[in-house]
Amino acid sequence: MQIFEEVQSKTINIVEADTKQFHLANPIQAKLSYWQSLTIVAWFLLAALIPYAPKVNYQLKNSPPFESSLLGRDGSGRDVLVHGVMAVRLYILPIVIMLGVAFGIGLILAMLGAELRPIRILWFDAWKASAGIISVILDILEALPGIVIVLILVTNLEHPNLNWVAMILGVIGSAKVARELILKIRVLKSSDFIDGAIASGVSWWQIVFKHILYRNSFTVLVNQAINLIILLILLEISFTYIADTVWSPCILYPPDFPSWGKMIFEGSANLSTWWIVAWPMFLLFLLLNSFRYIGNTVIRIREEAK
Amino acid sequence: MTAESRTILSVKSLKAYLYEKSRRTFNRVIQDATFDVKMGQITGLVGESGSGKTLTACSILGILPHTPGIVGGKIIFRNKDGSQDMLEGISDDRICKINQNGNSLVIHKDLSAWNRLYNYEGRMKKLRGREICIIMQGAKSSLNPYMTVMDQIVEGSEIGNHGNCDSDSVNKLMLELNLGPHANKFSNELSGGTCFRVMIGMALAASPGLLIADEPTTGIDPPLQVKIVELFEKYKSSINSDTQHSPAMLLITHQMHLVRRLADWIVVMYGGNVVERVRSQDLYSDNCHPYTAMLLRSARVKNLCNRQNAIGTIGQKTDTSKDQKGCIFQHHCPLVDKTCREEIPIWTELSESHFIRCHHHDKL
């Protein structure tokens, strides 16, 4: 009995802690997340809209911070600060494609796999069969060697680019998204509040997107998104390395294009010019860290608007 | 206004089955439920646990699981605009067939019959949250843990008003139910009673024609029960006005004192059958069904040790999943005789406000 009570109190604590992620009680954290989210959105918009022509100046190459510019210059004499900030434009479209594919396919697979049916069909075992088929599809998708497929595609395409890599990562990543969502949906759909929502007349789409995905599976989706973005950027860095050293067909973008992968590769080759690698690493951290807060901020803005 | 037009909900000979996974059989959960709910009145649906009260409510709402769910009978619901939504004409032999040993059910894919059932459920989907609202068992777990109190009541209002939130009525409800200080709290930060008030707020925000309260006082401490009863009494006084479309309420409970205090009509269910329909004030004065008498005796006995002696065999359920001859209550009835074992009793009108299904209605 005591064990049962302990387990129960722990469960309640977990639920409370999970809920507080959305309802940021700490005002400093709430304010920080608010400004961080706004900065990230502004950064993306600026990087996407402002034209960027890298100023190459070999006379100033590898000059340290505070000498000729605030954060120093790289091997071609380009300003590291501007180069790092503008590099995000390389990732905007691939990230959108990758997350769109991963969440789109993942959501459909999850709804079929978790027997979350939008329409009623006559023979009730048909959905059970669909769950079995989806499980096999997910096993196959998870067993696919993603990086090998990306390599084959990149080397065989006439004009390879990062969008194709993102698409393949999205398809393979959708399996992981679907698995996580199936687990979450299976637990949630038998919960009392979902039964209550059905009985209260909440529509099927509202239950799926508002009650299950938006309110209860947000953390799962954000975690998956961050994992996929990290994977994309790591692959970009790897391909930059391969293209520069062994295999030139692996070039995924024009050589002048600003890229964190290129900066990290260039900087890590010689740590005496540490400023070239430090700034993109910080921006990468800032970007991934902010993804967690953007959702919170959206909810906060909505509540304040009320 | 005629008596028929005052009826908001009419359930006639409702029959429903559910599939039991572990035994791979179909259980008959509702065998024959017949009752009416009148406008401006509270109808109490009483019976012991497992007698099919909640499943009857689920059938009315069209949310009974589809395996195979409702197979017979008629449900007629009168909307606020006077139109009717009706489920009827699905008979056992068209949609499913019971085997000779009575244990299993063969489902025939009679498309027209199935489609009618889906049409009813499709129509009820549009009425749920607008014309019919339900207060679920276990208020705390029925609230979304990630939505604030305000959000949940606003959602109820939006569903009830076709996507538009009636902010005036929401604010009025928040004040009436004393939910103002809790507006921005989540369900895990609230007490059981406050959660229940939120559930009532969600249901009333839609101003429904029929409110179903499913065991509202179960698992709640006595002081809070009193508060809930007071809330319902307040609601009762507000719906008892003699307007053309005054709302009604179906109160599902197994507590006799609650229905005695709140309900105008009492419907008694046993083993998926409605065995008695009686006006509340006649229940104690008139003769009643042997099962109702047992329920009343069990409610009167204060010493729990003596309860078993007083109530006899109540609680030892009859296996209603199998077909059987005669009265459903024959195995536990003190008045049982040969007729009870062979013939199913029909409805007998003892008075204008008292209907009973018992062969021994004259001996009661």
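Since the structure is predicted, the reported quantities are computational estimates derived from the model, not experimental observations.

Along its length, chain A carries twelve helices and zero strands. Start at the N end of chain A and walk to the C end: the helices and strands fall as α-α-α-α-α-α-α-α-α-α-α-α. When each of the 306 residues of chain A is scored for burial, the buried share is 43%. Across chain A, contacts joining residues at least 24 apart in sequence account for 72% of those joining residues at least 6 apart. Total accessible area computed for chain A in this model is approximately 16100 Å², and 69% of it derives from carbon and sulfur atoms.

Time to look at the confidence of the model for chain B. For chain B, per-residue confidence averages 77 on the pLDDT scale, and 76% of positions sit at 70 or higher. Interface confidence for the predicted complex, expressed as ipTM, amounts to 0.77; the pTM equals 0.73.

We now examine the side chain of Asn144 of chain B. Mapped onto the fold, Asn144 of chain B is located in the loop between α4 (139–142) and α5 (149–160). The class of Asn144 of chain B is buried, set by a relative accessible area of 2%. Within the structure, the side chain of Asn144 of chain B is placed 3.0 Å from the backbone nitrogen of Tyr146 of chain B, a separation counted as a polar contact. When neighbours within four sequence positions are excluded, Asn144 of chain B is seen to be in contact with Phe193, His211, Arg215 and Asn216 of chain A together with Gln152 and Ser187 of chain B.

Now for helix α6 (residues 146–156) of chain A. The complete set of buried residues in α6 of chain A reads Gly146, Val150 and Val154 of chain A. Angular distribution of buried residues about the axis of α6 of chain A spans 60 degrees; they occupy a single face of the element.

In this section: the nonpolar core. Formed by 92 residues in total, the largest nonpolar core has its most connected members in Leu9, Phe35, Ile135, Ile153, Leu210, Ile212 and Leu250 of chain B. A total of eight residues in this core trace back to one element, the largest contributor, which is helix α7 (residues 192–205) of chain B.

With that out of the way, let us pick up the packing of α6 of chain A against helix α7 (residues 162–189) of chain A. Residue and element names in this part refer to chain A. In the contact formed by α6 and α7, the axes pass within 10 Å of each other and the chain directions differ by 150 degrees. Comparing their axes, α7 and α6 come out roughly antiparallel. Considering how the two elements wind past one another, α6 and α7 form a crossing that is right-handed. Every residue of α7 that contacts α6 at Gly146, Ile149, Val150, Leu153 and Val154 is listed here: Trp164, Val165, Ile168 and Ile172. Here the residues of the contact of α6 with α7 are counted per class, giving eight nonpolar, one polar and no charged.

The rules we used
Residues numbered from 1 in each chain as written. Chains lettered and ligands numbered in written order. Predicted model: local features only at pLDDT ≥ 70, side-chain atom pairs only at ≥ 80, totals over all residues. Heavy atoms only, no water. Helix = DSSP H or I, 4+ residues; strand = E, 2+ residues; numbered from the N terminus. Buried < 20%, exposed > 50% of the residue type's maximum accessible area, 1.4 Å probe, protein only. Contact = heavy atoms within 4.5 Å. Areas by Shrake-Rupley, 256 points an atom, 1.4 Å probe, with all protein chains shown as cover. pLDDT = per-residue confidence, 0-100. Polar contact = N/O pair within 3.5 Å; in protein donor to acceptor, adjacent residues only side chain to side chain. Arc of directions from axis to C-beta. Core = buried A, V, L, I, M, F, W, Y, C linked by side-chain atoms within 4.5 Å. Axes fitted to C-alpha atoms, helices over the stretch in contact; angles between N-to-C directions. Parallel < 35°, antiparallel > 145°, perpendicular 65-115°, else oblique. Left-handed = near helix turned anticlockwise from the far one by under 90°. Nonpolar A, V, L, I, M, F, W, Y, C, P; charged D, E, K, R; others polar.

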